[in-house]
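Spelled out, the chains give:
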Amino acid sequence: MKNHKAAITFILVTVTLDILAMGLIIPVLPKLILDFLGGEMTDAAKWSARFAVVFALMQFFCSPILGVLSDRFGRRPIILLSNLGLGLDYIVMALAPTLNWLFLGRVISGITTSSIPTAMAYIADVTPKEKRAGAFGLIGVAFGIGFTFGPAVGGLLSNSNPRLAFWVAAGLSLANWLWGYFFVPESLALDQRKPFALRRANPVGSLKLLRSHHELWRLTTIQFLAYIAHNVFSVWALYTIYRYSWSQGMIGISLMIVGIVTAIISGGLTGLMVKRFGEKHTLYIGQFFGSSGMLIAGLAKTGAWLLASIPIISLWNISMPAAQSMMTHRVSEREQGELQGALQSMRSITFIVGPFLFLRIFGWFIDPKHSIHLPGAPYFLAAALLFTAMLMATRVEQPGLPVTAANDIPDVVPPESIPSGPIAPILDREENI
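Residues numbered from 1 in each chain as written. Predicted model: local features only at pLDDT ≥ 70, side-chain atom pairs only at ≥ 80, totals over all residues. Heavy atoms only, no water.

## What about the overall build of the chain?
Stage number 1. Along the chain, the regular secondary structure elements total 18 helices and zero strands.
Stage number 2. The buried share among the 433 residues of the chain stands at 59%.
Stage number 3. Contacts spanning at least 24 positions in sequence make up 86% of the contacts within the chain whose residues lie at least 6 apart.
Stage number 4. Counting only carbon and sulfur atoms, one obtains 69% of the accessible surface of the chain, whose full area is about 16700 Å². (Helix = DSSP H or I, 4+ residues; strand = E, 2+ residues; numbered from the N terminus. Buried < 20%, exposed > 50% of the residue type's maximum accessible area, 1.4 Å probe, protein only. Contact = heavy atoms within 4.5 Å. Areas by Shrake-Rupley, 256 points an atom, 1.4 Å probe, with all protein chains shown as cover.)

Dropping the structure here:
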């Protein structure tokens, strides 16, 4: 690789295109489900929950397999497989004549959507440990850019044809596959690869890694609560349609605001916070603001107040890279792919539980058959979960790593310069797995 920053640039472009394609369909899919069901909001909430559950189930079973495969064969082929699969998924959804075909599209995407955890492993491969929080913050920038333009464009496209957003998403995903094929290099050196073992690739087996160290398990529990809370955004489109009568265009604009603020905070504030306060304090400070913002969103009686809650909620984004970095410090370099697969498997569990939980709560509290009318109930629950995670985060031990360079664009170790021979692991459990 000609310069040390090229690997990060390549992978960030890949992630940005991936998120952009996903963002296109966010404001469109709930409306398409609603149209298939004749405009019945309660049924749409139930079907949206089913879509989210099947997507998460596929990720739960497939992510650990792909994570372990990336430790064996490298990150690049897994990323390429993901992008190709997503492109095919969006084509299926664009052509879907019935709700069942649309459902099949989510099954396909659940199987193939692995580029984000694999990208995390890629970054861990090429970034020094003390600078990983800043590097993972750049992934947040990619998310922000994707969610800035994706939902806004998807919302505008859906005003003329709700299927058009799926075709554009398919084109972006397939373009992303071509980009990866020609430009994304491999990050995992041959001498750092680990033999494939089925017992590590099954969903239950992959979670054992997360319990191998008490601090890693504490961070896993904290992230589990945070990931559950994050699924409250599965209610966003239906919530704003129901409570504020927003159009798909307005939903797209609101998510564009989320994306802009996320990019600014992830790219500009995460490194500064880690440099000034360390990863531990950054973790629970972010969760405090996330909890406060969720409370405001649940109380918001107007769309303007909901928009005002976005910057406060978005400050939560500083906590995710900090937690991710602290977790990578507690496994060996040869286990980064397995770690990311295990985390994605754990997150998939929250995707199974979270959308179903929040959408059913939303449906219950807006159902006229019940005496309590509280459309903001999902956001109140999310606030409580984040507040609990914040309290747990105050007891996490801070790794003894330098943080002075955390605000810098990470120095990248080119794959060809990774030293040969075994790297001394922090926790070498290879013989016992």
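## Section: unusual backbone geometry
Stage number 1. Positive phi is not limited to glycine here, since Ser-245 has a value of about 55 degrees.
Stage number 2. Summarising the element assignment, Ser-245 is placed in the loop between α12 (236–244) and α13 (248–268).
Stage number 3. Taking the relative accessible area as the measure of exposure, Ser-245 reaches 62% and is therefore exposed.

## What to know about the nonpolar core
Stage number 1. In terms of nonpolar packing, the biggest core is built from 56 residues, with Met-294, Leu-306 and Trp-316 touching the most fellow members.
Stage number 2. Grouped together as the second largest cluster of nonpolar side chains are 41 residues, Ile-8, Ile-33, Met-93 and Ile-116 included. (Core = buried A, V, L, I, M, F, W, Y, C linked by side-chain atoms within 4.5 Å.)

## Overview of the packing of helix α2 (residues 29–36) against helix α5 (residues 99–112)
Stage number 1. Running from N to C, α2 and α5 point in directions that differ by 150 degrees, and their axes come no closer than 10 Å. Comparing their axes, α5 and α2 come out roughly antiparallel. In the packing of α2 onto α5, the handedness of the crossing is left-handed. When α2 is examined against α5, the residues Leu-29, Leu-32, Ile-33 and Phe-36 are found in contact with a partner set consisting of Leu-99, Leu-102 and Arg-106.
Stage number 2. Of the residues in the contact of α2 with α5, the class split is six nonpolar, no polar and one charged. (Axes fitted to C-alpha atoms, helices over the stretch in contact; angles between N-to-C directions. Parallel < 35°, antiparallel > 145°, perpendicular 65-115°, else oblique. Left-handed = near helix turned anticlockwise from the far one by under 90°. Nonpolar A, V, L, I, M, F, W, Y, C, P; charged D, E, K, R; others polar.)

## Re the packing of aromatic side chains
Stage number 1. For the structure shown, the criterion picks out 13 aromatic pairs.
Stage number 2. Judged by centre distance (4.9 Å) and plane angle (75 degrees), the rings of Trp-364 and Phe-365 are edge-to-face.
Stage number 3. Here the aromatic cluster, defined as three or more aromatic residues joined through ring pairs, consists of Tyr-239, Tyr-242, Tyr-244, Trp-246, Phe-362 and Tyr-379.
Stage number 4. Between Arg-50 and the ring centre of Trp-47, over which it is positioned, the NZ or CZ distance is 4.8 Å. (Phe/Tyr/Trp six-rings, centres within 6.5 Å; stacked < 30°, edge-to-face > 60°. Lys NZ or Arg CZ within 6 Å of the ring centre and 35° of its normal.)

## Some points on a nonpolar patch on the surface
Stage number 1. Side chains of Leu-95, Leu-164, Trp-167 and Val-168 sit close together on the surface and give an oily, nonpolar patch of about 350 Å² of accessible area.
Stage number 2. Its place among the elements puts Val-168 in helix α8 (residues 164–183).
Stage number 3. Looking at Val-168, the relative accessible area reads 33%, which means it is partly exposed. (Patch = residues over 30% accessible without salt bridge, like charges linked within 9 Å, V, L, I, M, F, W, Y side chains within 5 Å. Salt bridge = Lys/Arg side-chain N within 4 Å of Asp/Glu carboxyl O.)

## Digging into the pattern of salt bridges
Stage number 1. In total, this model carries two salt bridges according to the counting rule given.
Stage number 2. The salt bridge partner of Asp-71 is Arg-75, with a shortest N-O separation of 2.8 Å. The two residues Asp-71 and Arg-75 agree in class, both being buried.
Stage number 3. Within this structure, Asp-71, Arg-75 and Asp-125 form a network of salt bridges that share partners.

## Structural notes on the side chain of Thr-240
Stage number 1. Locating Thr-240 in the fold gives a position in helix α12.
Stage number 2. Assessed through its relative accessible area of 0%, Thr-240 is described here as buried.
Stage number 3. Leaving out residues up to four positions away in the same chain, Thr-240 has contacts with Ser-245, Trp-246, Ile-251 and Leu-306.

## Structural notes on the side chain of Gln-223
Stage number 1. Its location among the elements puts Gln-223 in helix α11 (residues 214–230).
Stage number 2. Assessed through its relative accessible area of 1%, Gln-223 is described here as buried.
Stage number 3. Excluding residues within four positions of it along the chain, Gln-223 makes contact with Met-320, Ala-323, Met-327 and Met-346.

## Remarks on the confidence of the model for the chain
For residues with low pLDDT, the predicted coordinates do not support detailed interpretation.
Stage number 1. This prediction gives the chain a mean pLDDT of 77; 85% of its residues lie at or above 70.
Stage number 2. A low-confidence stretch, residues 401–433 stays under pLDDT 50, and its non-local contacts, those more than four residues away or across chains, total 72 contacts. (pLDDT = per-residue confidence, 0-100.)

## Focus: helix α18 (residues 377–393)
Stage number 1. Along its 17 residues, α18 runs 25 Å from first to last C-alpha, staying within 8% of the 24 Å computed at 1.5 Å per residue.
Stage number 2. All of the buried residues along α18 are Ala-377, Pro-378, Tyr-379, Ala-382, Ala-383, Leu-385, Leu-386, Ala-389, Met-390 and Ala-393. (Expected span 1.5 Å × (residues − 1).)

## Here's the deal with the packing of α2 against helix α3 (residues 41–73)
Stage number 1. In contact at an axis separation of 9 Å, α2 and α3 are set at 125 degrees when each is read in the N-to-C sense. In terms of their interaxial angle, α2 and α3 are classed as oblique. α3 is crossed by α2, and the crossing has right-handed handedness. Side by side, α2 and α3 meet where Leu-29, Ile-33 and Leu-34 of the first sit next to Met-41, Ala-44, Trp-47, Ser-48 and Phe-51 of the second.
Stage number 2. Taken together, the residues of the contact of α2 with α3 sort by class into seven nonpolar, one polar and no charged.

## Things to note about the environment of Ala-393
Stage number 1. Relative to the assigned elements, Ala-393 resides in helix α18.
Stage number 2. Separated by 110 residues in the primary sequence, Ala-393 and Leu-283 have C-alpha atoms spaced 6.9 Å apart.
Stage number 3. Leaving out residues up to four positions away in the same chain, Ala-393 has contacts with Ile-222, Lys-280, Leu-283, Tyr-284 and Gln-287.

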